[in-house]
Every structure is written in structure tokens, then in C-alpha cells.
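# A look at the structure
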2 protein chains.
Amino acid sequence: MVAALDVGGTTIKAALLDEQLQPRATLRAETARSADGTALAAQVVDIVAALAEQAGTGTPAAAGVVVPGIVDEETRVCHFSANLDWREVHFGELLEERLGLPVAFGHDVTAGGIAEFRVGAGQGATNAAFIPVGTGIAAALLLDGRIHRAHGQAGEVGHIDVGHPGKCGCGAIGCLEAISSAAAIARRYTERTGRAADGAREVVDLARHGDEVAVAVVQDALDGLGHGIRTLLTLLGPEVIILGGGLFTAADYVLEPVREWLASHLTFQRMPELRIAKLGDEAGRLGAGLLAMDRLAEL
Amino acid sequence: MVAALDVGGTTIKAALLDEQLQPRATLRAETARSADGTALAAQVVDIVAALAEQAGTGTPAAAGVVVPGIVDEETRVCHFSANLDWREVHFGELLEERLGLPVAFGHDVTAGGIAEFRVGAGQGATNAAFIPVGTGIAAALLLDGRIHRAHGQAGEVGHIDVGHPGKCGCGAIGCLEAISSAAAIARRYTERTGRAADGAREVVDLARHGDEVAVAVVQDALDGLGHGIRTLLTLLGPEVIILGGGLFTAADYVLEPVREWLASHLTFQRMPELRIAKLGDEAGRLGAGLLAMDRLAEL
């Protein structure tokens with residue numbers, strides 16, 4: 001039994017998972033924040049106790065925690081997290097001390113990818129990318145059967161230049177994230193119409209119903225994704241691309257245009273298999289559980 | 001002792017290497033070509049015999065052969081090579097039959113990278129890219145300490161879109177190779193001046209002496225390289241980039257502009273260490289030798 005926690009800037013999704021990754025207890029909580037990570041560490045200790053009590057199983061054997069940002073899974077240090085307002089937080093060590101259990105500490109998108117590759121849409125692939133399109137866009141990379149980490153520096157597919165004139169939050173021009181993220185889709189629709197859009201899904205719904213601005217904004221986003229995926233294919237040659245996030249719950253509407261962009265823009269690159277993520281919101285938490293199990297296996 | 005052969009479209013560079021990678025015999029020959037690979041296989045048999053005789057050491061323990069194109073080192077199949085006019089040539093198996101020795105068969109740029117990473121400019125790095133800028137541009141990728149191969153589909157950095165309007169030989173618009181390869185530098189200089197240029201080095205020399213067109217063409221090429229390297233950093237996070245090929249023999253003139261482009265265009269990405277390749281033209285042949293030694297170690 002392991003505790004698995006997917007920590008976001010506002011919410012924690014936690015579960016106690018058995019060896020078959022089945023949740024024996026789950027809970028959600030508002031993220032406790034402090035720049036040194038101690039508030040979160042104290043909260044995780046409480047959450048693990050609450051989960052164990054809820055399940056009636058006693059203390060788990062290990063805990064896995066994943067966060068957004070730049071995380072080195074090996075040293076268990078978070079170098080930077082905008083969402084948590086962290087810099088150089090040695091969270092793995094800190095939590096292990098407080099919790100008295102082996103702790104795995106990782107990156108949320110990478111963990112989501114580990115879950116999709118092992119028990120989700122990516123099963124059987126040896127070269128694949130998992131790209132959840134959310135507020136931002138990042139990727140988890142499976143290369144020759146192994147997760148590529150580069151100490152947390154890899155996979156920033158959202159900041160590939162896909163050749164548009166818009167400025168990204170990172171300061172560069174033309175980033176994928178600035179035209180194709182859920183946040184960018186909503187923002188660009190609002191800029192052009194003056195009407196607020198409640199996320200990318202609403203814009204996709206408007207596009208389905210013939211709203212011309214929505215159609216153009218969604219098309220730009222999907223063309224951008226095609227362009228970003230082409231770059232991934234050119235450099236890394238994955239045979240499978242797994243697309244996820246709210247945008248791709250409307251798979252019937254959004255997947256085909258990405259495939260078409262690729263079909264008309266790939267030259268020598270192999271067309272990958274495009275798959276929709278299977279694990280949805282659960283991917284990060286399941287990945288945190290898998291990381292905890294991996295840590296136990298290493299000890 | 002192993003035989004190591006770097007096979008190009010026109011020339012073969014061959015050597016007999018001892019365990020310290022020192023050449024005990026070397027020779028060059030014009031590449032024997034046939035679409036099924038049999039002409040090359042027969043030639044390699046002769047070359048290996050000639051090398052053994054020259055060195056007076058008897059038959060080597062294995063042979064390593066590398067070629068340009070898309071090569072799967074695992075199955076030892078060349079899927080495509082424009083330079084050799086090959087499609088789906090099972091050269092590893094074919095040569096092993098003819099030669100009666102264990103054969104390693106690989107990709108020339110990847111092999112060059114293996115040599116640079118193990119015994120050249122990349123020593124000590126665990127995440128690095130080797131980018132020789134020649135007629136074309138490709139990369140060898142060292143990721144978390146391992147060469148990333150993706151069955152020969154990876155590393156085509158020359159076909160990253162770096163945002164210029166020129167058409168590439170591959171059919172796409174904006175490829176790095178179409179503005180930054182040695183061939184592109186010479187071609188673009190000739191297009192603008194009507195004067196033939198004998199390769200990139202001559203254009204760099206003209207730029208050094210103040211030829212304004214040459215300055216602009218070289219600047220475009222180096223900006224393109226900066227842009228391509230930024231994409232590599234964004235996706236893969238290497239800490240070391242090794243630049244090679246004729247262009248970078250003029251390192252004092254061309255390296256600083258690439259660094260400057262990166263310094264002013266990187267946002268969150270880490271600045272990598274830029275190094276000049278150490279092994280020059282020998283990299284491919286040394287890599288072929290290392291592949292042969294690896295194969296022996298596996299048997």
C-alpha cells in the first residue's frame with residue numbers, strides 16, 4: 001500500500017493505492033503553501049494519516065508526491081515551481097524526515113506520463129510522448145523504453161517556437177503554449193469577441209456550433225499542436241503521441257485536424273499513432289503511486 | 001583489434017583499431033555502390049583483408065560499419081540512404097555472412113557522437129548533443145547517459161523549423177538545414193552574388209574580411225543554429241552541445257554569435273556549455289570501432 005499525492009497550486013488529490021493501483025481511500029484538500037515547503041510537508045503527514053484511517057489499513061509503506069515545476073527526481077529537489085512559489089526546495093528529504101516513510105518526489109506531468117505509458121494509453125510503446133494540454137503544455141517523454149528526465153529540464157514542448165507572432169508568458173515569441181494551451185484558447189477568444197469564455201471546452205463547443213471566431217481560434221491551436229508534434233517527431237522519432245487535457249475530451253472534434261496538419265506537413269518523418277489519454281485527472285496521482293512503488297523496489 | 005569503416009556516398013575511411021582506439025592500419029577507397037548493398041559488402045571484405053595485411057596482425061575480431069541515412073542499429077537494417085541509394089538493405093546480416101566476423105552496423109552521425117561522448121569533447125556529460133554541420137545537419141543525442149536511437153528515427157535537428165521562408169530539400173519550409181548547413185551557406189552566398197563559393201569555409205573567410213553579403217549569410221546560419229539549439233534545450237535539457245563540421249573549424253569566428261543568440265533568446269532554459277568537436281573527420285570511424293567493440297562485448 002502506498003500514499004499517492006498530486007499537488008497542484010490550489011488543490012491536492014490524494015489516495016491510498018494498493019498493489020493493483022486501486023484506491024482504498026481518497027481525499028481532496030486545499031494546498032497548504034509556504035515558500036520553504038514545510039506547510040505542505042506538515043499537511044502531507046496529516047493527509048497520509050487521514051487516508052490510512054479512512055482505509056483502516058495502517059500506515060502505508062511509502063509515499064509519492066508530485067508537483068508542477070522543475071523537479072529533479074533523483075535529488076528530490078524542486079528547483080522552481082511558479083504554482084507553489086518554490087525555489088530550491090529539498091522537499092523529498094524534508095518530507096521523509098517528517099513522515100518517517102520512504103518518499104518519492106517528482107514532476108506532475110512526468111508522473112502522469114509514467115502512468116499513461118505503464119497502465120494507460122501508452123502501453124506497449126517504447127518511444128512515446130504524453131502531452132496534456134492544460135493551462136500550460138508540457139510533455140513526458142518515453143525514449144527507448146525509459147523516461148527521459150534530464151534532472152527535470154526536459155519536455156517543455158509548450159515552449160517550442162511554432163511560428164506565430166504572439167508573446168508567451170516565458171518572454172519568448174511564438175511558443176506553442178501561447179496559442180494552443182487551454183488558457184490561450186480562452187484568452188484569444190475573449191480578446192477577439194470581448195466575451196468571456198469559461199475555458200477551452202466552451203470555445204470548442206462554440207466552434208462546434210459554428211461560431212466563426214471560435215472555429216479560427218481552435219484551428220490555430222490545433223495547427224500549433226501539429227507543428228509542435230512535428231518538431232518532437234523530427235528530434236525524437238516517437239511512434240505514439242498521447243494527447244490529454246480538457247481540450248482532448250472533445251476528441252471527435254479536435255483529433256482529426258491535428259492528424260491532418262501532420263499528414264500535410266510531415267516530409268520524411270513517420271506518422272505517429274495519435275492516441276487520447278486514458279487516465280484523465282487520475283494520471284498524476286497514479287504516477288505518484290508508481291513512483292512510490294519504484295522507490296520501495298529500489299530500497 | 002577491430003576493423004572500423006566510415007562509409008560515405010563517395011569515400012570510405014577505414015582503419016584497423018587496437019583496444020586503445022589507435023589505428024594500426026588505415027586506408028581510403030572510393031565507395032562501391034549497388035542498390036542491394038552487395039557491392040559494398042564485397043568491398044568491405046577486401047578492405048578488411050587489406051587492413052589486416054597492412055598491419056600484419058591477422059584477422060580482426062569484429063567489424064563496425066557506419067553509413068549516412070536511417071539505420072536501425074538493433075536490426076542492422078538501413079531503411080533509407082539517399083547517399084548510397086539504399087532502401088531496406090539488411091546490410092549487417094549480409095556483411096556478417098560475407099565476412100565471417102561479428103558486424104556492428106550503424107549511422108555515421110550517431111557513431112560520431114558516440115566517439116565524441118566517450119573519448120572526445122563530450123566526456124563527462126550525461127545529457128548532450130553532437131551536431132556536425134556539414135552538407136546536411138543531424139544530431140547524435142546522449143540522454144541520461146544513453147544514446148537515443150528510436151530505431152534510427154531520432155536526431156534530425158536539421159529539419160527543425162527555425163522560421164525562415166526558404167524551402168528545404170525535404171519539402172518543408174524553414175528547416176535549419178536549408179539556412180545553416182555548409183551547403184546552404186555556399187548556395188545562399190552564390191545566389192546573392194552570382195559568385196561561386198567553394199564551401200562554407202570560404203564564405204566564412206570572406207565574412208572575416210568584411211564581405212557584407214558573406215557576413216549576412218553567415219549570421220543567418222548562426223542565428224538558425226541558435227534557434228535549433230534552443231529547441232533542443234527546450235525539449236531535452238542537455239547540459240553540453242558539441243558543434244562540429246567544417247564551419248566550426250573557424251571556432252573563434254562562429255562560436256560566439258551562437259552563444260549570443262542563445263543568451264538573448266533563452267528564457268527559462270539553462271544555457272548549455274558549447275564545445276567544439278575534438279575528433280574532426282575521425283569521429284565516424286572511431287565510432288564505428290566503438291560499435292564493433294560493443295558488439296563483441298555483447299556476444
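Residues numbered from 1 in each chain as written. Chains lettered and ligands numbered in written order. Predicted model: local features only at pLDDT ≥ 70, side-chain atom pairs only at ≥ 80, totals over all residues. Heavy atoms only, no water.

## Some remarks on the relation of the copies chain A and chain B
Aligned on chain B, chain A shows an RMSD of 0.0 Å; the corresponding rotation is 180° and the shift along the axis is 0.0 Å. Considering both components of the superposition, the chain copies are consistent with a two-fold axis. Residue A:Gly163 of chain A places its C-alpha closer to the rotation axis than any other residue of that unit, at 3.2 Å. A symmetric contact is evident, with 100% of the interface residues of chain A recurring at the interface of chain B. (Least-squares fit on C-alpha atoms with pLDDT ≥ 70 in both. Contact = heavy atoms within 4.5 Å.)

## Thoughts on the pairing of strand E7 (residues 86–89) of chain B
Each regular strand displays side chains that alternate between the two surfaces of the sheet. Residue and element names in this part refer to chain B. Pairing of strand E6 (residues 77–81) with E7, which is carried by three bridges, proceeds in the antiparallel orientation. Bridging across to E7, Cys78 finds its partner in Val89. Hairpin connection, E6 to E7: the antiparallel pair is bridged by four residues, and Asp85 has positive phi, about 60°. (Pairing = 2+ DSSP bridges. Helix = DSSP H or I, 4+ residues; strand = E, 2+ residues; numbered from the N terminus.)

## Some details on the domain arrangement of chain A
Many analyses report the size of an interface as the accessible area lost when the parts associate. Residue and element names in this part refer to chain A. In terms of domain boundaries, chain A breaks down into domain 1 (2–112 + 281–298) and domain 2 (126–277). Placing a centre on the C-alpha atoms of domain 1 and another on those of domain 2 gives a separation of 28 Å. Between domain 1 and domain 2, a total of about 810 Å² is buried, with carbon and sulfur atoms accounting for 61% of that surface. Its largest share of buried area at the contact with domain 2, domain 1 owes to Ile70, Val109 and Thr110, together 51% of the area lost on that side. Counting every contact that joins domain 1 to domain 2 gives one salt bridge. Across the salt bridge formed by Arg149 and Glu73, the nearest N and O atoms sit 2.3 Å from each other. Inspection of the region where domain 1 meets domain 2 yields two residue pairs in polar contact (both at pLDDT 80 or more). Mapped by element, the contributors of at least two residues to the side of domain 1 that touches domain 2 are strand E5 (70–72) and helix H3 (108–119). Considered class by class, the residues forming the side of domain 1 that touches domain 2 number four nonpolar, three polar and three charged. (Domains from an automatic or database assignment. Buried area = accessible area lost by both parts, 1.4 Å probe. Salt bridge = Lys/Arg side-chain N within 4 Å of Asp/Glu carboxyl O. Polar contact = N/O pair within 3.5 Å; in protein donor to acceptor, adjacent residues only side chain to side chain. Nonpolar A, V, L, I, M, F, W, Y, C, P; charged D, E, K, R; others polar.)

## Comments concerning the interface of chain A and chain B
Contact with chain A, which involves 34 residues of that partner, is made by 34 residues of chain B. Across the interface of chain A and chain B, roughly 2900 Å² is buried in total on both sides, 57% from carbon and sulfur atoms. Applying the counting rule to chain A against chain B returns two salt bridges. Here A:Arg230 and B:Asp161 are joined by a salt bridge, their closest N and O atoms 3.8 Å apart. Run the count over chain A and chain B and you get 16 residue pairs in polar contact (both at pLDDT 80 or more). For the side of chain A that touches chain B, the secondary structure elements donating two or more residues are strand E10 (140–143), strand E11 (146–147) and helix H7 (212–236) of chain A. When residues in the side of chain A that touches chain B are grouped by element, the largest group, eight residues, is from H7(A). Here the residues of the side of chain A that touches chain B sort into 14 nonpolar, 13 polar and seven charged.

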